Amino acid sequence: ERYGQLPDLSRTSPKHDIIFTWNGTTSGVKVPNSDWISDDREGLTICDATSSIFGMDMMPWTKLDVITYSWQKVLGGEGGHGMLILSPRAVARLESFTPNRPMPKIFRLTKGGKLNKGIFRGETINTPSMMCVEDYLDALKWAKSIGGLNALLQRSLDNVSVLADFVSTRPWIDFLCENPEHRSSTSVCFTLDLPADALKKLQKLLEAEEVAYDIGSYRDAPAGLRVWCGSTVEKRDLEFLTQWLDWAYEQVKPEPRGPLAGEPRTVLLATEKAFAADAVCKIAKVLDDAKYTLKKLENYKTKAELLEGVKDVDAMIIRSDIVDAAVLDAAAKLKIVVRAGAGYDNIDLKATAAKDVVAMNTPGQNANAVAELVFGMMLTSARNNYDGSSGFELAGKTMAFYGFGAVARAVQKLAKGFGMQTFAYDPFLSDSKIAEAGSTPVHSVAELFKHQYVSLHVPLTPQTKESINKALLMGMPKGAALINTARAEVIHEDDMLEVLKARPDFCYLCDVAPKKAKEMSEVVGDQYMKRLIFTKKKMGAQTLEANNNAGVAAANQIVNFFEKGDVRYQVKA
């Protein structure tokens, strides 16, 4: 038979003596009852009840002829002391049986062919520890005070129910004993979905935190845990233990493997505007560590080059490069494309979905770079591009965010440092989440435009395209500024021209030139790069650090997708 499984007790013979343990401490298995023991047996039943007595229902006692148990288990006494209980049948055997070998005096229970009753009255060869005796008597008094045997049994059942509830909601842990009727309610044994080294680490963590000692399985048993649930254990302590088990498991569990794990992969780095050399080196290292092949298509000039490059690749890393239906048709093996950056309107998401290709972005990797550019433009505008004329301070001004993702939160942190009040609207975030990040929530786009600075952090969608119009902009207070590090297309440019003409106090700061940049610069005249600031190209993420972060994040996301099935940053139409 194996650990965790009770032998077939029906195969026992009533003609023979039967020696058994009622509860298997190392296997977490108990004898469910004594129905298998014949009332008309010829042999004796000799039961070790060390880890079951006072913790399990062993009635009726008439089924057992000899019962032994140590004080150490259910009532928590000294392990070197215990009890021996003999039935009349056992006594009769002692008085009728003559051993064929000498018996050491310490093991002799008869004298002159009769039971030596003095042993059961306390006569001993050597005096036992009276402290241990008093300790055990004190334990018995405690047991009586809480309700006696029935109360002890119930405490043990309540304890094991805590662990049963825990196991039922955790896929990584199970009872070693599969049959609930045979499962011990005192010495509870578990198997865990962990390799041996991780399991040992889990045990050491619990010991280091002084949560549990000697909790590992018996050395010859299957690897796992043993937890004592006897009646002296407090239910609340086991509830605390389950929380620690969750914590320890999270520290040691192996990384999950995805359904596509373990296969050779080719990743195309397709960048019309190449990453910095340092970023490419870091991307290459991530992929090399994963045993993937990196294929580079940098600074390409035509779409034909891209269509040729995507053949036979499993994954792509892109920047602002266009991935449309034609690219996807050419990429027969493609499983994932990752945009190294936050915006992803250069990926045809309907086409990727139709081809069962996962599309991702790398949100937050360029957040600090964009945030610093926002304040660079704000300071440049507030100080009139440092032309020597008087400007104004940012401290005490208000700033509102349309969209409150990673970039907006990075801007908010800088705004707080400048002493500004901040407000935010994001239809995908609760008020509490916005407040936790340090901004005051508002409940409509229009409310944002009551503040001096409005910073845009929304993707380009059919809903946001040209949504920032004259009605919103004209409602902004005197000296207002709109900051756009999202997409130029979210601005209604004809309306913006009218606002710039009508309001000499209004400022527009953008990290990419709009289509009507010439007309707008003509309207503001010498206030260009003061009231109206455009960067020469979209450069919010154009720092060495952001380049590195976004590229490396893209490479890591590809590896995690294939090896772990991780799709956390997937974007959909």
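Residues numbered from 1 in each chain as written. Predicted model: local features only at pLDDT ≥ 70, side-chain atom pairs only at ≥ 80, totals over all residues. Heavy atoms only, no water.

Draft legend 1. Seen up close, the sheet that holds strand β6 (residues 82-86). Strand order across the open sheet formed by four strands is β1-β4-β5-β6, with mixed pairing between neighbours. One side of each edge strand has no neighbouring strand; the edge strands of this open sheet are β1 (18-21) and β6. On average, each strand axis in the sheet is tilted by 10 degrees relative to the strand beside it, whichever way the strands run. Relative to β6, strand β5 (residues 66-70) is paired through five bridges, and the arrangement is antiparallel. If you follow Y69 over to β6, its bridge partner there is M83. (Pairing = 2+ DSSP bridges. Helix = DSSP H or I, 4+ residues; strand = E, 2+ residues; numbered from the N terminus. Axes fitted to C-alpha atoms, helices over the stretch in contact; angles between N-to-C directions.)

Draft legend 2. Quick peek at the state of the cysteines. Inspection of every chain in the model, using the stated rule, returns zero disulfides. Of the cysteine sulfurs around C229, a residue in no disulfide, the closest is that of C189, at 10 Å. (Disulfide = S-S within 2.5 Å.)

Draft legend 3. Focus on a negative patch on the surface. Residues E78, E134, D135 and D138 make up a contiguous surface patch of negative charge. Looking at where E78 falls in the secondary structure, it is placed in the loop between β5 and β6. (Patch = residues over 30% accessible without salt bridge, like charges linked within 9 Å, V, L, I, M, F, W, Y side chains within 5 Å. Areas by Shrake-Rupley, 256 points an atom, 1.4 Å probe, with all protein chains shown as cover. Salt bridge = Lys/Arg side-chain N within 4 Å of Asp/Glu carboxyl O. Lys, Arg positive; Asp, Glu negative; His and termini not counted. Charge placed at Lys NZ, Arg CZ, Asp CG, Glu CD.)

Draft legend 4. Fine view of the pattern of salt bridges. Inspection of the entire model under this criterion finds 21 salt bridges. K355 is the salt-bridge partner of D329, the closest N and O atoms lying 3.0 Å from each other. Placement of the pair is D329 in helix α8 (residues 325-330) and K355 in the loop between α9 (349-354) and β16 (358-361), with a sequence separation of 26 residues. Looking at K355, the relative accessible area reads 42%, which means it is partly exposed. (Buried < 20%, exposed > 50% of the residue type's maximum accessible area, 1.4 Å probe, protein only.)

Draft legend 5. Region of interest: unusual backbone geometry. Residue M59 is joined to P60 through a cis peptide bond whose omega torsion reads -5 degrees. Assignment of secondary structure puts P60 in the loop between β4 (45-48) and β5. The phi torsion at N299 lies on the positive side, around 55 degrees, for a residue other than glycine. Here N299 is to be found in the loop between β13 (293-298) and α7 (303-309). Positive phi is not limited to glycine here, since D356 has a value of about 60 degrees. Position of D356 among the secondary structure elements: in the loop between α9 and β16. Using a relative accessible area of 65% as the deciding quantity, one classes D356 as exposed.

Draft legend 6. Up close: the sheet that holds strand β20 (residues 453-456). Sheet architecture is open: seven strands sit in the order β19-β18-β17-β20-β21-β22-β23, paired in parallel fashion. Taken across any chain shown, the strands that pair with only one partner, and hence form the sheet edges, are β19 (440-441) and β23 (532-534). By the bridge criterion, four bridges tie strand β17 (residues 398-402) to β20 in an arrangement that is parallel. Bridge pairing in β20 links A400 to V454. Contacts between helix α11 (residues 406-417) and the sheet are confined to β17 and β18 (421-425), with β17 contributing the most and set at about 175 degrees to the helix. (Contact = heavy atoms within 4.5 Å.)

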